[in-house]
Amino acid sequence: MLYGVAEGDGQKEAAAHSKATVQPSRMPRIPMCCVKMKRKLDPEVRSFPGKKPCKGTEYPSPTGIVPCPATPTTFGHIRTANGQGQPRRRINSIQPPTGLQEWLRTFQSWSGPEKLLALDELIDSCEPTQVKHMMQVIEPQFQRDFISLLPKELALYVLSFLEPKDLLQAAQTCRYWRILAEDNLLWREKCREEGIDEPLLPRSGRLTKPGFTHSPWKSAYIRQHRIDTNWRRGDLKSPKVLKGHDDHVITCLQFCGNRIVSGSDDNTLKVWSAVHGEATAQCNIEVIFAFRYCPRFVCVFTLFVCLCFPPSLQCLRTLVGHTGGVWSSQMRDNIIISGSTDRTLKVWDADTGECIHTLYGHTSTVRCMHLHEKRVVSGSRDATLRVWDIETGQCLHVLMGHVAAVRCVQYDGRRVVSGAYDFMVKVWDPETETCLHTLQGHTNRVYSLQFDSIHVVSGSLDTSIRVWDVETGNCIHTLTGHQSLTSGMELKDNILVSGNADSTVKIWDIKTGQCLQTLQGPHKHQSAVTCLQFNKNFVITSSDDGTVKLWDLRTGEFIRNLVTLESGGSGGVVWRIRASNTKLVCAVGSRNGTEETKLLVLDFDVDMK
C-alpha cells in the first residue's frame, strides 16, 4: 500500500519535475513504459534537503535516459533506462550455439501471448541451475529502495514498526537510512515503550561528524540495553561494603537517588552515600593551593581547575534519638521518617541529621508506615492507625477498628488500607475516619499488602493471597499455591510478585487470577524468601539462605546469583534488598555471629564514552 502511494505521488511530481527541467522540444522520444519505470525509480523525485539514495539506486535524471526504440520495451531497454546499461557479464566459456540469432529473431516475431507461452515451456525445460542463473540476472532489476522513494514522514512511519535491534541494522544500509534511523522522535517512542523517561545528552567535547546529529534518545536506549546486559551477564565485581550497626539486625532499608538509609534494632538509623568519589573535572596540574570540605563535596582548587569529589560510599551520618529499636521507615527527597518500639515516629532531615519532629500518640510499637506527599500513615501494635502531617508534626486523624496489631498499611492520598493480626483487611476514608469496608476471608494473620488505588492485594499466614476490589470490598480472586506465610509482595501494572516462607516466588496476573510463573527449580532458594523487587525485565529475590538471585520476569528462568554469602546455610542472611536501575543494595548479617552486619552495594552502570 505504501509503495502504491509513493508511485502515484511520484508520477505527479516527476511530471512537474520534467516540465521544469527539460524543454519538450529537446526531449527525445521515449516509450511510455520507460518513462513510467523511470518515475518509479528516480530518487530525486522524492528528495529533500540532506536526502541521498542508497548506493546502487543512483539513477540519472530524465535528461540522461538513453532513448529506446519505438518498439515495445525489452528487458535490456529497462536496464538501460535504470542507469544500468553497462553490459552484463556474459558466459564466455563457450561459443554461442549455431542458430542462436535466428532463434532470437523468431522469438521477437511472436506476439506477446506467444512469447509468454514459449517462456513457460522454456522454464519447464531448464535445469534448476539454469533457472537460478536467470533469477540472478532478473531479480536485481526489480529490487527497489522504497524508503528513499518515500517522503521523510512516511519513511519514518515505516521504520517505526522495526524492533530497535533491526533499526540499528537498518542504519548500516546507507547514509540516508542512517540519518533516518537516528531520528530523535523515533527513538523517543522506542524509549517510551521500554519505560525510559530521560534522554542521554552527549558529553561536552564529544566529536561528531559534520552535518550528523546523534539522537540523545537513541543513546539513552543503548545505555539501558547495556545496563540490562550487565545485570544479566556482566562481570560481578566485588561489592562495596558499608559496615555499621555492629552485630544488630537491619530491620528496614531505603534507597533513593544517591542516598541509602538503614534502620536497626540498635535504636539508630544510618544515612549512607551510594556514589563513588569520582571527580567532576580533571586536570594534570599538581600544584594545590586551596582545600575545602562541605557535606556534599570535597573541593580541591588547582591553578586552573576546581575538582569536586562527591563523598564515596560511606556513612554520612547516624540518626540518634529513638530509645527503642527502629522497625519501619520511609524516605522522600531529604526527609526520613522512622517508627520505633519506643512508640514514636521521628521526622529527620537527611542532609543535616537533625530530628525535625517527634510524633507522639501511639501506645505501642510503630510497626509499619506509608508516606504519600506530605502525609504519613502509621500502623501500630496498639491496633490503631494515625495520619500525620510531616511538615507540622501534627496528628490529623486516628483510625480505630482493628482488634489486634496492625502489621501493614498502604496509602494513596485518598484511601488507607490496613492489614492486621485480627485476620482482617480494612479500607478507610482518612478524612472522615470511617471504615468503608472490612475485607473478611483470611483465616490467619495478614502480613503484607499492596494497593494500586483499584485493587487491594493481601498476603496471609493462611498461605493464600486475596485480590479485592477497593470500591465494593468484594474478593475478586483467591490466589493459592504457596505453602506458608507470604511475607513480601510487589504489584505493578496488574502483575504481582509474591515471596513466601516456602522458599518460592510466584508471578501472578491479578486481573485473571492466573499464576504466570513459579520461580523454582534446581536454582531456587533453599530457605524462606525475605525480600523481593521487580521491574519490566527482572525479579530480584533474597533469602535466609544467604543469596540474592536474579530471574527473568517473562519466562521465570533463573539467570544467576548476584550475591552468595560464604556463611549462607550456616547463619548468614540477606535481610533486605533495594535496587535502582544501576545499583543493588543488600542488608546482610546473621543472628548467630557467622556474618558481620553490613550493606553490600553492587554497581551495574555503564560508561557511555
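Residues numbered from 1 in each chain as written. Predicted model: local features only at pLDDT ≥ 70, side-chain atom pairs only at ≥ 80, totals over all residues. Heavy atoms only, no water.

(A) Fine view of the UniProt feature "repeat: WD" (unreviewed entry) in the chain. Sites flagged by UniProt as "repeat: WD" (unreviewed entry) map to residues 257–282, 319–358, 359–398, 399–438, 439–478, 479–518 and 522–561. For residues 319–358, the helix share is 0%, the strand share is 57%, and the end-to-end C-alpha distance is 13 Å. Along residues 399–438, the helical share is 0% and the strand share 57%, with 13 Å between the first and last C-alpha atoms. (UniProt positions renumbered as here; feature names shortened; annotations may be inferred. Helix = DSSP H or I, 4+ residues; strand = E, 2+ residues; numbered from the N terminus.)

(B) Summary view of the packing of helix 11 (residues 184–193) against helix 12 (residues 216–233). Where helix 11 meets helix 12, the axes come as close as 7 Å, and the angle between the chain directions of the two elements is 35°. Both helix 11 and helix 12 take part in a crossing whose hand is left-handed. Across the interface between the two elements, Asn184, Trp187, Arg188, Lys190 and Cys191 from helix 11 touch Pro216, Trp217, Lys218, Ala220 and Tyr221 from helix 12. By residue class, the composition of the contact of helix 11 with helix 12 is 6 nonpolar, 1 polar and 3 charged. (Axes fitted to C-alpha atoms, helices over the stretch in contact; angles between N-to-C directions. Left-handed = near helix turned anticlockwise from the far one by under 90°. Contact = heavy atoms within 4.5 Å. Nonpolar A, V, L, I, M, F, W, Y, C, P; charged D, E, K, R; others polar.)

(C) Structural view of the confidence of the model for the chain. Taken as a whole, the chain shows an average pLDDT of 83; of its residues, 78% reach a score of 70 or greater. Here residues 277–309 is modelled with pLDDT under 50, and outside its nearest four sequence neighbours on either side it reaches 58 contacts, counting other chains as well. (pLDDT = per-residue confidence, 0-100.)

(D) Molecular detail of the pattern of salt bridges. One pass over the full model with this rule turns up 16 salt bridges. Across the pair Lys536 and Asp228 runs a salt bridge, and its minimum N-O distance is 4.0 Å. A residue pair is termed long-range when its members are at least 10 positions apart, and Lys536 in the loop between strand 29 (529–534) and strand 30 (538–543) and Asp228 in helix 12 qualify at 308 residues. What makes Asp228 buried here is its relative accessible area of 15%. Ionic pairing is found between Arg259 and Asp351, a salt bridge with its closest N-O pair at 2.7 Å. A residue pair is termed long-range when its members are at least 10 positions apart, and Arg259 in strand 3 (residues 259–264) and Asp351 in the loop between strand 11 (345–349) and strand 12 (355–359) qualify at 92 residues. On the basis of relative accessible area, Arg259 is assigned to the buried category, the value being 18%. For Asp351, a relative accessible area of 36% gives the class partly exposed. Through salt bridges with shared partners, a single network forms among Glu194, Asp228 and Lys536. (Salt bridge = Lys/Arg side-chain N within 4 Å of Asp/Glu carboxyl O. Buried < 20%, exposed > 50% of the residue type's maximum accessible area, 1.4 Å probe, protein only.)

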